[in-house]
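# What the coordinates show
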Amino acid sequence: MGESSNKMMKLTQTIPDDIVEHIISMFLPVKSLLRNRILSKRFVSTNIQSRILDFSGIYSRRRSQLEAVSIIEEVINQYKGSDIHRFILVINHLGIEDKIISWINTCLGKNIQEIVLDFSKSKKVMEIPINFSVVETLQHLKLRSCKFDMVDNSPKGLKLLRTLSLMRIEVMKETIDVVFTNCIHLESVELINCLCMDGMLSIHAPDHKKFKSLVLSYIRDLWVISLNAPSLENYQYDGYAIKFNFVSTYTLKEANLHYNRNFSQSYYDPSNLVVNSMNFFTKVFVLTTTTIFLEALTNKYVGGGKLEKRPFKFENLIKFHISFKALTFCTLFDIAEFLKECPKLERVVID
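These numbers come from a predicted model, not from an experiment.

Tallying secondary structure elements over the protein gives 9 helices and 21 strands in all. Sorting the 351 residues of the protein into buried and exposed places 45% on the buried side. Within the protein, contacts between residues at least 6 apart in sequence are counted, and of these 61% link residues at least 24 apart. As presented, the protein carries roughly 18,900 Å² of accessible surface, and 53% of it is formed by carbon and sulfur atoms.

Here it is, written out as structure tokens:
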């Protein structure tokens, strides 16, 4: 061990300083680069060219908001690289909105590929007057607690976008239309804790061949989902049972239907809504759900103490995971009866 270490030390000592400096300045994460500049006199004046600017952990117990902003400002102002692959910012935006816009614009001019902006540390939404639809190099976009523009005025914008994640954002119909019109290479979409302004989420992607994953979680004021995505393989829904229309389900392999109870409405009975949408998921290989899923079948097809034949058969199901959500009248007998309709089942998880 000692001999190998000595050989490595001699090897690094033979590398010219300019090459070592180039490696440190370009390939080290920005945090490591800043640490080296502070601790080593040799690299105190090393240029900042890191392609990954990750400021997700900029806060600490010993670092104030002012100090965090000062560090980010120093990095952006002294940046000498031609490309920035990833820009991650998790910060309280109050009082520094202009600086944040300037940082984002700097990244947009450096062939940015991934942007992650999280402003959830403040209760107030951050307004970003930037039209992301004109960014030609962007591949991954994740926004949280902000308001942004996405207008279809660029034939080249968003053509390379592969993943889109929106959290705590007002989702407009126009935004979804622009995304699925321009983003021909889109692979996955996440909408989490968002507000649906129109009450209906419509995704029209009949010609998309790479769109594989859709996650919808706790979307407020959403009543109807209309989905035309013949290439979709993974569908995840978390919330109350609502009306759902799926044009094609031939490629769907995995479904996570995490239905929740609506205790604010005593008359709320999700049975019909759950059963009506069940036809869309009978071909899946993996199904994760809550007891509300089986309660709907029990409510619908059990009468007078006699169990009627259920109209659904999950012929491809290999793995079934069910969670007992709050109070339930779903029993192990109900689960056993459902499993009889799954001839290829290999694994069952009861949580």
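Right, let's talk about the packing of helix 4 (residues 65–77) against helix 5 (residues 97–108) for a bit. In the contact formed by helix 4 and helix 5, the axes pass within 11 Å of each other and the chain directions differ by 30°. When the axes of helix 4 and helix 5 are compared, the crossing they make is left-handed. Together, Val-69, Ile-72, Glu-73 and Ile-76 of helix 4 and Lys-99, Trp-103 and Thr-106 of helix 5 make up the contact between the two elements. Broken down by class, the residue content of the contact of helix 4 with helix 5 amounts to 4 nonpolar, 1 polar and 2 charged.

What follows is about the pairing of strand 17 (residues 286–290). Counted residue by residue, strand 17 has 4 buried out of 5 residues, so it is predominantly covered. Sheet analysis places strand 16 (residues 254–259) next to strand 17, joined by 4 bridges and oriented parallel. Its bridge partner being in strand 17, Ala-255 is matched across the sheet by Leu-287. Relative to strand 20 (residues 319–323), strand 17 runs parallel, the two being bridged by 5 bridges. Bridging across to strand 20, Leu-287 finds its partner in Phe-320.

Each value, and the rule that gives it
Residues numbered from 1 in each chain as written. Predicted model: local features only at pLDDT ≥ 70, side-chain atom pairs only at ≥ 80, totals over all residues. Heavy atoms only, no water. Helix = DSSP H or I, 4+ residues; strand = E, 2+ residues; numbered from the N terminus. Buried < 20%, exposed > 50% of the residue type's maximum accessible area, 1.4 Å probe, protein only. Contact = heavy atoms within 4.5 Å. Areas by Shrake-Rupley, 256 points an atom, 1.4 Å probe, with all protein chains shown as cover. Axes fitted to C-alpha atoms, helices over the stretch in contact; angles between N-to-C directions. Left-handed = near helix turned anticlockwise from the far one by under 90°. Nonpolar A, V, L, I, M, F, W, Y, C, P; charged D, E, K, R; others polar. Pairing = 2+ DSSP bridges.

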